[in-house]
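Below are the chains, spelled out letter by letter.
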Amino acid sequence: GEDVEQSLFLSVREGDSSVINCTYTDSSSTYLYWYKQEPGAGLQLLTYIFSNMDMKQDQRLTVLLNKKDKHLSLRIADTQTGDSAIYFCAESRSQGNLIFGKGTKLSVKP
Amino acid sequence: KAGVTQTPRYLIKTRGQQVTLSCSPISGHRSVSWYQQTPGQGLQFLFEYFSETQRNKGNFPGRFSGRQFSNSRSEMNVSTLELGDSALYLCASSDYRVYEQYFGPGTRLTVT
């Protein structure tokens, strides 16, 4: 199908790791992204990975890409209450066109 | 560098009216993309401009149009507004590395 799929909700305890999963559709997508959206705000680019990579680490964030299964994941280590937000997975299609999932709402409990 | 700015932040219009939204990209960025965000449909791509030319267009009716000026600022216009056009409209800018898109805070449009 055409959709990028994500689970809608994830709840974790402060200090635990969070793992948000995503499946995408277009094997020709060059880049895959993770964006964060806080209430009333726009989208913040967290990280992205080129399709020929398997993993990318950036401080507390680790992105894993399984191109065979078209599966992307975002791991947030030592999750804090400030990480509570909606996280969007996106794949690049044509120029300037990102296809987004519906977003995963991450709730972090103290 | 200043981020992407969008004006106005909030707008209330009635059905049948038209509206123009503005986006100023990050300095030096020449690509501007527009997205519509609604609870039901999520984030959907509207169009992308680069150097005043529309390079790509999403699956929206002709009531949605845009343009880009020589200073890379962009506007989008929606004519004959419908209730279903109520949404958060986001623009994103990028430099020659089109794969890094940076979003503005959005314009919240309410159609009554």
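So, a few notes on the structure that sits alongside this text. Predicted model, so just to flag it, every value in this text is computed and none were measured.

1. A few points about the overall build of chain A
Each helix and strand counted, chain A has zero helices and 11 strands in total. When the helices and strands of chain A are placed in sequence order, the string is β-β-β-β-β-β-β-β-β-β-β. Its C-alpha atoms give chain A a radius of gyration of 13 Å, near enough to 13 Å, the size a compact globule of 110 residues would have. A principal-axis box enclosing the C-alpha atoms of chain A has dimensions of 40 × 30 × 20 Å. Burial analysis of chain A (110 residues in total) assigns 45% to the buried set. Taking all contacts inside chain A whose residues are at least 6 apart in sequence as the whole, residues at least 24 apart take part in 54%. Carbon and sulfur atoms make up 48% of the accessible area of chain A, which amounts to about 5,500 Å² in all. If you average the places of the 12 positive and of the 13 negative side-chain charges in chain A, the two averages end up 2 Å apart.

2. Examining the environment of Thr81 of chain A
Residue and element names in this part refer to chain A. Among the secondary structure elements, Thr81 is positioned in the loop between strand E8 (71–76) and strand E9 (85–92). Distance in space between the C-alpha atoms of Thr81 and Ser107 is 7.8 Å, their sequence separation being 26 residues. With residues near it in sequence (within four places) discarded, Thr81 still touches Glu14 and Val108.

3. Some thoughts on the sheet that holds strand E3 (residues 18–23) of chain A
All names here are of chain A. Ordered in space as E1-E3-E8-E7-E6, the five strands form an open sheet in which the pairing is antiparallel. Where the open sheet ends on each side, the last strands, each with one partner, are strand E1 (5–6) and strand E6 (55–58). Direction of pairing for E6 relative to strand E7 (residues 61–66): antiparallel, over a ladder of four bridges. By the bridge assignment, Lys56 is partnered in E7 with Val63.

4. Observations concerning the interface of chain A and chain B
Listed by partner, the interface residues are 18 residues for chain A and 22 residues for chain B. Its largest share of buried area at the contact with chain B, chain A owes to Leu43, Gln95 and Gly96 of chain A, together 30% of the area lost on that side. Linking chain A with chain B are zero salt bridges, by the criterion used here. The tally of links between chain A and chain B comes to four residue pairs in polar contact (both at pLDDT 80 or more). Listed by contribution, the elements that provide at least two residues to the side of chain A that touches chain B are strand E4 (31–37), strand E5 (43–50) and strand E10 (98–100) of chain A. Broken down by class, the residue content of the side of chain A that touches chain B amounts to 10 nonpolar, seven polar and one charged.

5. Considering the state of the cysteines
One pass over the structure, following the stated rule, counts two disulfides over all chains. Here Cys22 of chain A connects covalently by a disulfide to Cys89 of chain A, the sulfurs 1.9 Å from one another. Handedness here is read from the sign of the S-S torsion; for Cys22 of chain A and Cys89 of chain A, about -55°, the answer is left-handed. Here the residue Cys22 of chain A occupies a position in strand E3, and Cys89 of chain A occupies one in strand E9, the gap between them amounting to 67 residues. The exposure class of Cys89 of chain A is buried, given its relative accessible area of 0%. With its sulfur 1.8 Å from that of its partner, Cys23 of chain B forms a disulfide with Cys91 of chain B. Every disulfide takes its handedness from the sign of the S-S torsion; for Cys23 of chain B and Cys91 of chain B that torsion is 65°, giving right-handed. Of this pair, Cys23 of chain B sits in strand E3 (residues 19–24) while Cys91 of chain B sits in strand E9 (residues 87–94), and the two are 68 residues apart along the sequence. Judged by relative accessible area, which is 0%, Cys91 of chain B ranks as buried.

Conventions adopted
Residues numbered from 1 in each chain as written. Chains lettered and ligands numbered in written order. Predicted model: local features only at pLDDT ≥ 70, side-chain atom pairs only at ≥ 80, totals over all residues. Heavy atoms only, no water. Helix = DSSP H or I, 4+ residues; strand = E, 2+ residues; numbered from the N terminus. Rg over C-alpha atoms; globule rule 2.2 N^0.38 Å. Buried < 20%, exposed > 50% of the residue type's maximum accessible area, 1.4 Å probe, protein only. Contact = heavy atoms within 4.5 Å. Areas by Shrake-Rupley, 256 points an atom, 1.4 Å probe, with all protein chains shown as cover. Lys, Arg positive; Asp, Glu negative; His and termini not counted. Charge placed at Lys NZ, Arg CZ, Asp CG, Glu CD. Pairing = 2+ DSSP bridges. Buried area = accessible area lost by both parts, 1.4 Å probe. Salt bridge = Lys/Arg side-chain N within 4 Å of Asp/Glu carboxyl O. Polar contact = N/O pair within 3.5 Å; in protein donor to acceptor, adjacent residues only side chain to side chain. Nonpolar A, V, L, I, M, F, W, Y, C, P; charged D, E, K, R; others polar. Disulfide = S-S within 2.5 Å.

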